[in-house]
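# Analysis of the macromolecular model
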Amino acid sequence: MEKYSPQEIEKKWQDKWENEQVYKTEADPNRPKYYALEMFPYPSGNLHMGHVRNYAIGDVMARYKTMEGFNVLHPMGFDSFGMPAENAAIKHGVSPADWTFSNIENMEKQQKKMGLSYDWDREVLTCTPEYYKWTQWLFELFYKKGLAYKKKASVNWCDTCGTVLANEQVIDGKCWRCDSDVQKKDLSQWFLKITDYADVLLKDLDKLEGWPERVKTMQDNWIGRSEGLEITLDVPELDEKLVVYTTRPDTAYGITFVALAPENALVDKLIEKSDKAEELKAFCQKVRNQSDIERTSSESEKEGMFTGFYAVNPFNGEKAQLWITNYVVADYGTGAVMGVPSGDSRDWMFAKKYDLPIILTLQPKDKELVLEEMTEAYVEKEGRLVNSAQFTGMDMHEAVKAIMDYAEEQGFGKRKVNFRLRDWLISRQRYWGAPIPVINCPHCGEVLVPEDQLPVMLPTDVSFEAGSVSPLASSEKFLHCKCPKCGADATRETDTMDTFICSSWYFLRYTDPHNDKAPFDKDKVNYWAPVDQYIGGIEHAILHLLYSRFFTKVLKDAGLVDFDEPFKNLLTQGMVLKDGSKMSKSKGNVVSPEEIIGKYGADTARLFILFAAPVDRDLEWSDQGVEGAYRFLNRVWRILGHFEESIKAGKDSYDVSALTKDEKELRRILHVTIKKVTEDVRDRFMFNTAISSVMELVNAFYGFQDKELNAGLAREMAVNLVKMLAPFAPHITEELWSHLFVEGSVHQQKWPTYDEAAMKQDEIEIVLQINGKVRDKIMVSPDLDRESMERAVMELPRAKELTAGKQIVKVICVPKKLVNIVVKG
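Residues numbered from 1 in each chain as written. Predicted model: local features only at pLDDT ≥ 70, side-chain atom pairs only at ≥ 80, totals over all residues. Heavy atoms only, no water.

## Some details on the overall build of the protein chain
Each helix and strand in the protein chain was counted, giving 28 helices and 34 strands. Projected onto its principal axes, the C-alpha positions of the protein chain cover 100 × 85 × 45 Å. By the burial criterion, 55% of the 825 residues in the protein chain qualify as buried. Across the protein chain, every contact between residues at least 6 apart in sequence was considered, and the portion connecting residues at least 24 apart equals 73%. A total accessible area of about 36,000 Å² is found for the protein chain, and carbon and sulfur atoms account for 48% of it. Once the 106 positive and 128 negative side-chain charges of the protein chain are each reduced to a mean point, those two points are 3 Å apart. (Helix = DSSP H or I, 4+ residues; strand = E, 2+ residues; numbered from the N terminus. Buried < 20%, exposed > 50% of the residue type's maximum accessible area, 1.4 Å probe, protein only. Contact = heavy atoms within 4.5 Å. Areas by Shrake-Rupley, 256 points an atom, 1.4 Å probe, with all protein chains shown as cover. Lys, Arg positive; Asp, Glu negative; His and termini not counted. Charge placed at Lys NZ, Arg CZ, Asp CG, Glu CD.)

This is the structure we're talking about:
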C-alpha cells in the first residue's frame, strides 16, 4: 500500500458516490426505515467547523444505521429565504435570488467535500416557487381552519432589520438576528393561532422521551400554563368594572393596589377623567416602547403612576389604588394584576418605592413574620393564612381552593387557565420571503388566492427602502390585481411570511420533494416520518422546534399525516469555540473546512470534531487535536499495510483455538472494542469514547508489528477495524476496504457483532497490597470467588514474608482487582 494521500482518495470516492448515486434512497418495505436529519442551514456562503460538527454527527448515525440494516433517509437542503439575502441585495446591488443561489452552490461543494451521505436528489430549497407554493398552500389551510388571522396589534419592531419580530425572536429586549433594541409599534399583522394548541403542545412534551430534559423545560416555561382566578373589582368613580387574574388567590385579602398595563382598556378612561392626563399619556408611551421581557424581568426597575382612582376589593370591601405600571404586560391575563406586596417580590419593590400599604396574608409554619421587620416579600408557597377573614388559619393550599369556591359562589370570580404563549406573529415587512396569498378587496374583504393560482410569485421589479412598508408594495404589477370572488379591482397582501414558517414543515417535504400536486404524498410521509433522529442547536428550542410541533399537530388534525410529533429523538450538539468564543464570521474566528481538508483531508476534520468532546458539550478548537487525528489515520493506514499479505491470505472462518495466548488477548480486545463502540454509537452518542476505543485497539494491533500474527486473526482485526471506523472516516475506510477485501462498499457491509466467548479472559491480574501499598501481583482465573481469590493471594511467598510475625487486622478483597492486607507491628 502506498502512502496515505487523503486528498486523492477523497476526491476519488466522492466522484464515485455521486456518479453512481450511492446514497439515493427509495422506500423499501422489507427493511426497517430510519430518518436521520440535521437542521438545514441558511445559505450564508461558507460553512465553518460548527456546521461540520452538526453534519458529521448526523452522518455517523446515517452510516451506522445503514450498516445495521436500516433503510436510511438522510437528506439536506437550505433554509434559503431571509433577511441577509435582502441586505446583501441592498448593499451590493445584486438580486437576493442570485446572492442566495451562489451561496448554495458554494456550500453544496463544501458539504460534498466532507463526504456526507446525503441523498441530493431530495434537496429542498425553501426560496424556490416549487417549495413556497406549498408554504402558501399550508397558510391557506391554516386560514380555512381559523388558525390564521389578521389584527392590529402592538408588535415588536426592529429598526435595523426594518421588520416586526415574533415574541420568541426578542432576546433580552433585543433583536435575535442583529442585537438591536426592539421597540413597540401598532401595526396590522398576520398571526397563526398557536395558542389553540397550547394545552396539547404542553401535554405532549411527556411523549418526547428522546428529547433532552432541558429543551422540554424551556418549552414548558415558554408555554407557561397557569391555573388561577379572575376577580372582578368595581371602580365606582367611573362606574366600571376591572378584571384581574391571579395564580395566588390565597393572598387576595392583601390587595393594596392594582397594577395596570398601559394597554389595558380601562387606562384610556382613567386618563380621560384624570387631572394628570398628559403626564399619564407620556408615561404610557414610554412603557409601550419597552419590550415585554424588559417589563416582566424581576431585575428591572419597577415604575408607575397613580391614576388618582380606586378599585374595590370584593373580598373585604377595601379600596385599592389604581396604578399604571411598567411591569404588567397587556397580553398576559387581563393586563391587570392585583398588588399584594407581602407575597410578591415585584409588588414589594413597587410598594416600597412608592410607600404603598402592605398587608401580611401568609405566615410560614416554622417562624413568625413581623411586617415591620421584613426586608422582602414572603414568596414561599407554604404556610397558613392570616388577616384573611374566615380563611384565617387555613393551610394555603386548602385556602386556594376554598377562596376560589367562595369567589365563584359570590359571583365576583371565576376559575381560569392562562398561558404565557402568545399567537405567532408571522408578518414580515421584507421582500425575500414567501408572499402571503391573500387579496384585499374593497367589497369582499380578505380573499384567499385560489389554489390553482398558487404560487403567488415574488416580483422582481421592487425597490428596497427601509421603513414599515414591504418592498412588495413598490411593485405596481404585483400589488394590483382582481378580486377572485367579485372581479373588482383589488390589492395583494404585501407582507411576506416569517421564514420559520418554511422550516416548520421542510422535514416533511424531504419525503416527497418533487410532488407538484401536493406538499407531500400521505403514504410517503407516513412511511418515512416522523424523523427518528434530529440534530441541531439548542438555540432553536422555543423557535423552530416549538413551531414544527405546532405545524405537525395541525397537519395531523387535517388528516395529512398520521403522527402528531415531528421528531422522535433530539440531539442538541454543543458549539465549536475558538479562543473561548463561538465560531462566527462576525467574531473573525472561523476555521474553514477547506483549510483543514486542503491540509489533512475531510476524514481528519470529521474525526477530530467527533473525538475532541462529547457531542452535547462545547468543543474548543485545537490545531494540535487536528494533527493528532491525522496521525491516527496514518497509523491505521500503516498497520493495515504492514499486515496486508496476512489480511488477504486470511480466511473469514479460521481455527480460533490455534491462537497463541497473546493472539487470544488481542482478539479479546477486538471484541470488547466492538461491544463498546456499538453501545457508544447506538445507545449513547458517545462518539468521542467510541473513537478512543478504536484508537486503543489500533495500539494493541501495533503490539504485533514485529511478531508473527495468525492470518485469520489479522483478517478479522482488519475487517472489523475498518467497519467500525467507516461511519467516522468514510473515505479512508472505503479505500482500505476496496484494497484489502475487494467486494462491495464498506458502507454497505453489516455492522460488526461481538463474540461473548472471545471477550472472556482466561486469566486476570490481581494486585497484592499491604496496608494499601502494592507489593506483588498474581494471575488468576476470572471465575474465582472472593474467598478463593483471597486464599490464592495469601499463599503468595511475598504475602507470607510481609505478614510474618505481624497481626493481620483485616483483609479487604475487591473481586477481580486486588486484595489489601491490613497489618500491625
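From this point on, the discussion continues.
## Thoughts on empty space enclosed by the protein
Scanning all chains against the criterion turns up two cavities of 30 Å³ or more. Taken as a whole, the largest cavity encloses approximately 200 Å³ of empty space. Lining the largest cavity are 19 residues; nearest its centre among them are Gly82, Met83, Arg177, Arg428 and Thr499. Secondary structure elements with two or more residues in the lining of the largest cavity: helix H3 (83–92), strand E6 (163–165), strand E25 (496–497) and helix H14 (499–502). Its residues assigned to classes, the lining of the largest cavity comprises eight nonpolar, six polar and five charged. For the second largest cavity, the calculated volume is near 40 Å³. (1 Å grid on protein atoms, 1.4 Å probe; cavity = no way out; pocket = protein on both sides within 12 Å on 5 of 7 lines; lining within 4 Å. Points joined across faces, edges and corners; volume = space filled by probe spheres on them. Nonpolar A, V, L, I, M, F, W, Y, C, P; charged D, E, K, R; others polar.)

## With respect to the environment of Gly588
Relative to the helices and strands, Gly588 is located in the loop between strand E29 (581–582) and helix H18 (593–599). Residues Gly588 and Lys578, ten residues apart in the sequence, show an inter-C-alpha distance of 9.8 Å.

## A word on the nonpolar core
Trp424, Phe550, Trp621, Leu640 and Phe687 are the most contacted members of the largest nonpolar core, which has 181 residues in total. Beyond its immediate stretch of four places on either side in the chain, Trp621 contacts Met49, Val576, Leu577, Lys578, Met583, Val591, Ile596, Phe608, Ile609 and Val626. In this structure, Leu233, Ala252, Ala261 and Val386 belong to the second largest nonpolar core, which totals 58 residues. (Core = buried A, V, L, I, M, F, W, Y, C linked by side-chain atoms within 4.5 Å.)

## Describing the pairing of strand E9 (residues 182–192)
With eleven bridges joining them, strand E5 (residues 148–158) and E9 adopt antiparallel strand pairing. Bridged to Asn156 within E9 is Lys184. In this sheet, strand E19 (residues 424–425) lies alongside E9 in antiparallel orientation, the contact comprising two bridges. Along E19, the bridge assignment pairs Phe191 with Leu425. (Pairing = 2+ DSSP bridges.)

## Things to note about the packing of aromatic side chains
In total, this model carries 47 aromatic pairs according to the counting rule given. With centroids separated by 5.7 Å and ring planes inclined at 70°, the aromatic side chains of Phe391 and Tyr406 adopt a geometry described as edge-to-face. One end of the pair, Phe391, is in the loop between strand E17 (384–385) and helix H12 (396–410); the other, Tyr406, is in helix H12, and 15 residues separate them in sequence. Looking at Phe391, the relative accessible area reads 6%, which means it is buried. Through successive ring pairs, a cluster of aromatic residues spans Phe142, Tyr197, Trp424, Phe500, Tyr547, Phe550 and Phe551. Here the guanidinium or amino end of Arg635 rests over the ring plane of Tyr702, the centre of that ring lying 4.1 Å away. Lys707 extends its terminal NZ or CZ atom over the ring of Phe704, reaching a point 4.9 Å from the ring centre. (Phe/Tyr/Trp six-rings, centres within 6.5 Å; stacked < 30°, edge-to-face > 60°. Lys NZ or Arg CZ within 6 Å of the ring centre and 35° of its normal.)

## Things to note about the pattern of salt bridges
Any two side chains of opposite charge can pair, on the condition that their charged atoms come close. The final tally for this structure, using the stated rule, is 59 salt bridges. With its nearest N and O atoms 2.6 Å apart, the salt bridge here joins Lys174 to Asp181. Residue Lys174 is classed as partly exposed on the basis of its relative accessible area, which comes to 29%. With relative accessibility at 53%, the residue Asp181 sits in the exposed group. Between Lys648 and Glu644 there is a salt bridge, with the nearest N and O atoms lying 2.9 Å from each other. One end of the pair, Lys648, and the other, Glu644, are both in helix H21 (residues 644–649), four residues apart, so they sit about a helical turn from each other. Taking the relative accessible area as the measure of exposure, Lys648 reaches 40% and is therefore partly exposed. (Salt bridge = Lys/Arg side-chain N within 4 Å of Asp/Glu carboxyl O.)

## Describing the sheet that holds strand E1 (residues 33–38)
Hydrogen bonds between backbone atoms are what pair the strands of a sheet, whose relative direction is either parallel or antiparallel. Judged by pairing direction, the sheet is parallel, and its four strands sit side by side in the order E2-E1-E26-E27 without closing on themselves. Across the chains shown, the open sheet's two edge strands, defined by having one partner strand only, are strand E2 (71–73) and strand E27 (567–572). Shown here is a sheet whose adjacent strand axes are inclined to one another by a mean of 20°, direction ignored. Across the sheet, helix H17 (residues 544–557) is in contact with strand E26 (531–536) and E27; its angle to E27 comes to roughly 175°. (Axes fitted to C-alpha atoms, helices over the stretch in contact; angles between N-to-C directions.)

## Things to note about the packing of helix H19 (residues 602–611) against helix H25 (residues 730–740)
Any two packed helices are characterised by how steeply their axes cross, that is the angle between the axes, and by the distance between the axes. Running from N to C, H19 and H25 point in directions that differ by 120°, and their axes come no closer than 7 Å. In terms of orientation, H19 lies oblique with respect to H25. Across the interface between the two elements, Ala602, Asp603 and Arg606 of H19 pack against Pro730, His731 and Ile732 of H25. Partitioned by chemical class, the residues of the contact of H19 with H25 number three nonpolar, one polar and two charged. (Parallel < 35°, antiparallel > 145°, perpendicular 65-115°, else oblique.)

## What to know about helix H5 (residues 129–144)
One turn of an α-helix holds 3.6 residues; hence residues three or four places apart share an orientation. Along its 16 residues, H5 runs 22 Å from first to last C-alpha, staying within 8% of the 22 Å computed at 1.5 Å per residue. Of all the positions in H5, only Tyr131, Tyr132, Trp134, Thr135, Gln136, Trp137, Leu138, Phe139, Glu140, Leu141 and Phe142 are classed as buried. Two residues or fewer after H5 comes Gly146, characterised by a positive phi angle close to 75°. (Expected span 1.5 Å × (residues − 1).)

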